[in-house]
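# Observations on the three-dimensional arrangement
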Amino acid sequence: GIQVEQSPPDLILQEGANSTLRCNFSDSVNNLQWFHQNPWGQLINLFYIPSGTKQNGRLSATTVATERYSLLYISSSQTTDSGVYFCAVGDPSNDYKLSFGAGTTVTVRA
Amino acid sequence: GAGVSQSPSNKVTEKGKDVELRCDPISGHTALYWYRQSLGQGLEFLIYFQGNSAPDKSGLPSDRFSAERTGGSVSTLTIQRTQQEDSAVYLCASSPVAGEQFFGPGTRLTVL
């Protein structure tokens, strides 16, 4: 199956700092999503972005499908941004089947 | 509008018992998915429904696991003769025919 690698595994930020999270995947995809898992375990949809660039407030994401990576940018981080960020991609043959990376654990300190 | 809901939120059971986990998808979503999140395996796909049929059951870990969906809406995941390795958070998601998936809050299953 498709391999998904996220980096870095852990990130500690001071409030107000900017950061970039990366997701590499091993095959072409038609489906890519970024999620934030909050402390209660809920997966919050951030972006559905199989290609291109999107922005939502302080967050933005870019997927370069031809080079098999996606980036999530967090600007002016806040303590509420803490949690685990997951990248998930659809299997090339069955793009409904999401394969998740191991996640990036972000800790934002006040 | 309402999101995906799951019940119970927590379930503690004894090894060997059967459990049923329920998922109510977003109204109008025809596709429904079950995933499992465990410490050792991360988030893994279990099963996919399109309407009431399950064209992909490839992620179910053993024949103790089964799922059904009725009326194109509610789905039930059943685990028979639970084992300790079944302890995990079971997540349900739904989507329109295809595309972006939206997840419920999960059911945390603990098998003693």
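What comes next is a walk through the structure.

## Overview of the layout of surface pockets
Residues and elements named next belong to chain B.
- Taken as a whole, the largest pocket encloses approximately 530 Å³ of empty space.
- Ranked by residue count, the leading element in the lining of the largest pocket is strand β9 (residues 88-95), at three residues.
- Broken down by class, the residue content of the lining of the largest pocket amounts to eleven nonpolar, twelve polar and one charged.
- Computed from the structure, the second largest pocket encloses a volume of approximately 250 Å³.

## Things to note about the sheet that holds strand β1 (residues 4-7) of chain A
Residue and element names in this part refer to chain A.
- Judged by pairing direction, the sheet is antiparallel, and its five strands sit side by side in the order β1-β3-β8-β7-β6 without closing on themselves. At either margin of the open sheet sits one strand with a lone partner, and together these are β1 and β6 (52-56). Within this sheet the neighbouring strands show an average axis-to-axis angle of 15°, counted without direction.
- Looking at chain direction, β6 and strand β7 (residues 59-64) are connected through five bridges and run antiparallel. Pairing of G52 across the sheet is with T63, part of β7.

## Describing the side chain of Q101(B)
- Among the structural elements, Q101(B) can be located in the loop between β9 and β10 (102-103).
- Within the local environment of Q101(B), its side chain forms a polar contact with the side chain of Y35(B), the two groups lying 2.9 Å apart.
- Ignoring sequence-local partners within four residues, the contact set of Q101(B) consists of Q33(A), F35(A), N45(A), Y96(A), L98(A), Y33(B), Y35(B), A93(B), S94(B) and S95(B).

## Some points on the state of the cysteines
- Taken as a whole and assessed by the stated rule, the structure comprises two disulfides over all chains.
- In this model C23(A) forms its disulfide with C87(A); the gap between the sulfur atoms is 2.1 Å. Taking the sign of the S-S torsion, about -60° here, the bridge from C23(A) to C87(A) comes out left-handed. Highlighted residues: C23(A) in strand β3 (residues 19-25) and C87(A) in strand β9 (residues 83-90), separated in sequence by 64 residues.
- What makes C23(A) buried here is its relative accessible area of 0%.
- A relative accessible area of 0% places C87(A) in the buried class.
- At a sulfur-sulfur separation of 1.8 Å, the disulfide partner of C23(B) is C92(B). In this structure, the disulfide formed by C23(B) and C92(B) twists by about -65° around the S-S bond and is classed as left-handed.

Reading the values: the criteria
- Residues numbered from 1 in each chain as written.
- Chains lettered and ligands numbered in written order.
- Predicted model: local features only at pLDDT ≥ 70, side-chain atom pairs only at ≥ 80, totals over all residues.
- Heavy atoms only, no water.
- 1 Å grid on protein atoms, 1.4 Å probe; cavity = no way out; pocket = protein on both sides within 12 Å on 5 of 7 lines; lining within 4 Å.
- Points joined across faces, edges and corners; volume = space filled by probe spheres on them.
- Helix = DSSP H or I, 4+ residues; strand = E, 2+ residues; numbered from the N terminus.
- Nonpolar A, V, L, I, M, F, W, Y, C, P; charged D, E, K, R; others polar.
- Pairing = 2+ DSSP bridges.
- Axes fitted to C-alpha atoms, helices over the stretch in contact; angles between N-to-C directions.
- Polar contact = N/O pair within 3.5 Å; in protein donor to acceptor, adjacent residues only side chain to side chain.
- Contact = heavy atoms within 4.5 Å.
- Disulfide = S-S within 2.5 Å.
- Buried < 20%, exposed > 50% of the residue type's maximum accessible area, 1.4 Å probe, protein only.

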